Amino acid sequence: MIEKDKAKKGIVRLLKSYMEQQPACVDLETDDWKSVIHYADIHAIGGIIASAVKMLPEDQQPEEELKKYLRNELALTVSGSVSQELAMDDVTAVLNERGIKHVLIKGFVLRDIYPIRELRSMGDIDFLIDRKQRQACHQAMLDIGFACTLDRGFVWCYQRANVILEIHTNLMAGDPVNDVDFEQYYENIWDRTEVISGYTCRLRTEDHLIYLIAHAAKHFRSAGYGIRGIMDCAVVIRHFGKSLDWERVWSQLELLKLDRFAAALFLLCEQWFGTELPGRNRGTHITEESFRLFVDIIFEGGVYGYFGRNLEQIQIRNQMTEGVENNPAIAKMKTGFKALFPGIRYMRMYMSSLEKYPFLLPAAWVVRWYQAVFKRGHRNLERVKNFTAPDEGMAEEYKMMKNLGLL
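Residues numbered from 1 in each chain as written. Predicted model: local features only at pLDDT ≥ 70, side-chain atom pairs only at ≥ 80, totals over all residues. Heavy atoms only, no water.

Participant: Before we go on, may I ask you to explain the overall build of the chain in this structure?
Facilitator: Helix and strand counts for the chain come out as 18 helices and seven strands. Against the 2.2 N^0.38 benchmark of 22 Å for 407 residues, the chain shows a C-alpha radius of gyration of 22 Å, consistent with a compact globule. Taking the principal axes of its C-alpha atoms as reference, the chain extends roughly 70 × 60 × 45 Å. Per-residue burial over the chain gives 50% buried out of 407 residues. Considering only contacts in the chain between residues 6 or more positions apart, those separated by 24 or more positions represent 70%. (Helix = DSSP H or I, 4+ residues; strand = E, 2+ residues; numbered from the N terminus. Rg over C-alpha atoms; globule rule 2.2 N^0.38 Å. Buried < 20%, exposed > 50% of the residue type's maximum accessible area, 1.4 Å probe, protein only. Contact = heavy atoms within 4.5 Å.)

This is the structure in structure tokens:
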């Protein structure tokens, strides 16, 4: 039987070993190592774990078959990183040549402050452009050999060989959460950037950290958020530390109603990686039960929480209100209505003209219903089954989300 708690402790020690570039001390059996590899796979941190294992004393390393698997993960992570970097050289070159301003975000920027930059894996590379330059950027990507795989909404996707790009025109799109309009908050994103070179920009450090937390909260609320994202916040704190304007960071997190969630995230960074957090102590509100569930969801759900999670039940959880968390029938009705009749902000991906002509919303619903029945019928049947499945701990998750300030 795999001892998950033992494996989790082992993986945290290995991650800290990588962060500090010092050998860890682990005591894991074969089944524990298999569990470590399972978590490494679903969190896309196989290369990092492999590099930490290489530093272990021989008597603490896994059996040869597992070491061989980890060596292969390390090679794949490095080769993938090289491919992405070479592709981004082409991307930034053509964008600068054509005067298309762009903001690099998340992994491609953060990798430079990781102990071994090539090991910060990325499923895709994200960056932001001005929506007025969308078509110019689209043509530029086609001209350097990328194929467009999605061309609607705020995020257009492109692929060349094994390199995938997500090109945003808005960092946080969607309906307000807790009466906070994230889309509006990031409307003037260009005021929060600094130039790297030419037309290539990045978010200022404080704003990047705030965005990482907002991005984490968005995913944690909709499914979950993984170990790699926690490491991103930890490396920012470790690298920039006291040079950050923490008063500004906390004031913006309060404005976004993310200070409670950030406190939990920072507390986890401190426990796992020993990061010292300058500024205010905001972790006292977190109950032990909520924090334990918070950590469990991070571990078990993978990079963005999709592994083994019932996403339809999570939508029901997000419609719960205090006093009815143990009787989710009302929440199910609200979720079903919202699924059938989404608002304009969601429906823009089906019909972009809704922003200008909101009266077309019913027509957009019809288009969506048609696609749901005739193009995604089997998938949506599975979603209905998930929706009607018995509640599996959603009441407890609701209480945790309230404790974290996300509901």
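Participant: Explain the side chain of serine 290 here, please?
Facilitator: Among the structural elements, serine 290 can be located in helix α12 (residues 288-301). Overall, the relative accessible area of 7% leaves serine 290 in the buried class. Of the polar contacts made by the side chain of serine 290, one reaches the side chain of threonine 287; its length is 3.0 Å. Each residue touching serine 290, except ones within four places of it in the same chain, is listed here: Lys399, Met400 and Asn403. (Polar contact = N/O pair within 3.5 Å; in protein donor to acceptor, adjacent residues only side chain to side chain.)

Participant: Would you mind going over the environment of glycine 107 with me for this structure?
Facilitator: The residue glycine 107 is located in helix α5 (residues 107-110) in this model. Judged by relative accessible area, glycine 107 falls into the buried class, the value being 4%. The spatial distance from the C-alpha of glycine 107 to the C-alpha of arginine 120 is 7.0 Å, given a sequence separation of 13 residues.

Participant: What is the right way to look at the packing of aromatic side chains in this model?
Facilitator: Each aromatic ring pair is characterised by the separation of its centres together with the angle its planes make. In the structure shown here, the tally under the stated rule is 15 aromatic pairs. Between tryptophan 250 and phenylalanine 266, the ring centres sit 5.8 Å apart and the planes meet at 90 degrees, which makes this aromatic pair edge-to-face. Within this pair, whereas tryptophan 250 is found in helix α10 (residues 246-255), its partner phenylalanine 266 is found in helix α11 (residues 259-273), the two being separated by 16 residues in sequence. When its relative accessible area of 0% is taken as the criterion, tryptophan 250 is described as buried. Looking at phenylalanine 266, the relative accessible area reads 4%, which means it is buried. Ring centres 6.1 Å apart and planes at 90 degrees place the aromatic pair tryptophan 272 and phenylalanine 273 in the edge-to-face group. What makes tryptophan 272 buried here is its relative accessible area of 8%. Given a relative accessible area of 1%, phenylalanine 273 falls into the buried group. In textbook terms, an aromatic cluster arises when at least three aromatic residues are bridged by ring pairs, as seen for Tyr39, Trp272, Phe273 and Phe299. Positioned above the aromatic ring of tyrosine 185 is the side chain of arginine 192, whose terminal nitrogen or guanidinium carbon lies 4.1 Å from the ring centre. (Phe/Tyr/Trp six-rings, centres within 6.5 Å; stacked < 30°, edge-to-face > 60°. Lys NZ or Arg CZ within 6 Å of the ring centre and 35° of its normal.)

Participant: Any chance you could explain the nonpolar core here in plain terms?
Facilitator: Within soluble globular proteins, side chains that are nonpolar tend to cluster in buried spots. Core analysis: the biggest nonpolar cluster contains 95 residues, and Leu14, Ile49, Phe220, Phe261, Trp272 and Phe294 have the highest contact counts within it. Sorting elements by how many residues they give to this core places α11 first, with ten residues. Core analysis: the second largest hydrophobic core is formed by 23 residues, Met122, Ala140, Phe146 and Leu165 among them. (Core = buried A, V, L, I, M, F, W, Y, C linked by side-chain atoms within 4.5 Å.)

Participant: What is the right way to look at the environment of glycine 302 in this model?
Facilitator: Here glycine 302 lies in the loop between α12 and α13 (311-318). The class of glycine 302 is buried, set by a relative accessible area of 1%. Between the alpha carbons of glycine 302 and valine 36 there is a distance of 13 Å; along the sequence they are 266 residues apart. If near-sequence neighbours (up to four positions away) are discounted, glycine 302 is found in contact with Ile42, His43, Tyr225, Gly226 and Phe307.

Participant: Can you help me understand the sheet that holds strand β7 (residues 200-203) in this one?
Facilitator: Sheet strands pair via backbone hydrogen bonds, and the direction of the pair is either parallel or antiparallel. Spatially, seven strands are ordered β3-β4-β5-β2-β1-β7-β6 in an open sheet, and the strand pairing comes out mixed. Each end of this open sheet is capped by a strand with a single partner; those strands are β3 (147-150) and β6 (193-197). When the angles between neighbouring strand axes are averaged without regard to direction, this sheet yields 35 degrees. Pairing geometry for strand β1 (residues 102-104) and β7, over three bridges, is parallel. Residue valine 103 lies in a different strand from β7, and its bridge partner there is cysteine 201. (Pairing = 2+ DSSP bridges. Axes fitted to C-alpha atoms, helices over the stretch in contact; angles between N-to-C directions.)

Participant: I keep staring at unusual backbone geometry and nothing clicks. Help me out?
Facilitator: Leaving glycine out, the prevailing phi sign among residues is negative, and the prevailing peptide bond configuration is trans. Within the chain, alanine 44 stands out as a residue other than glycine whose phi angle is a positive 55 degrees. As for its placement among the helices and strands, alanine 44 is situated in the loop between α2 (30-42) and α3 (46-54). Even without glycine at this site, asparagine 178 takes up a positive phi of about 55 degrees. Within the secondary structure, asparagine 178 sits in the loop between β5 (163-168) and α7 (182-185).

Participant: Before we go on, may I ask you to explain the packing of α10 against α11 in this structure?
Facilitator: Describing two packed helices takes the angle between their axes plus the distance from one axis to the other. Here α10 crosses α11 at 125 degrees, and the two axes come no closer than 8 Å. For the element pair α10 / α11, the angle class is oblique. The segment α10 lies against α11, with Trp246, Trp250, Leu253 and Glu254 engaging Asp259, Ala262, Ala263 and Phe266. (Parallel < 35°, antiparallel > 145°, perpendicular 65-115°, else oblique.)

Participant: Looking at this structure, I do not really get the pairing of β6. What am I missing?
Facilitator: Working note: regular strand, side chains alternate between the two faces of the sheet. The pairing of β6 with β7 spans four bridges and is antiparallel. Along β7, the bridge assignment pairs threonine 193 with leucine 203. The antiparallel pairing of β6 with β7 creates a hairpin that spans two residues between the two strands, and glycine 198 there sits at a positive phi of about 60 degrees.

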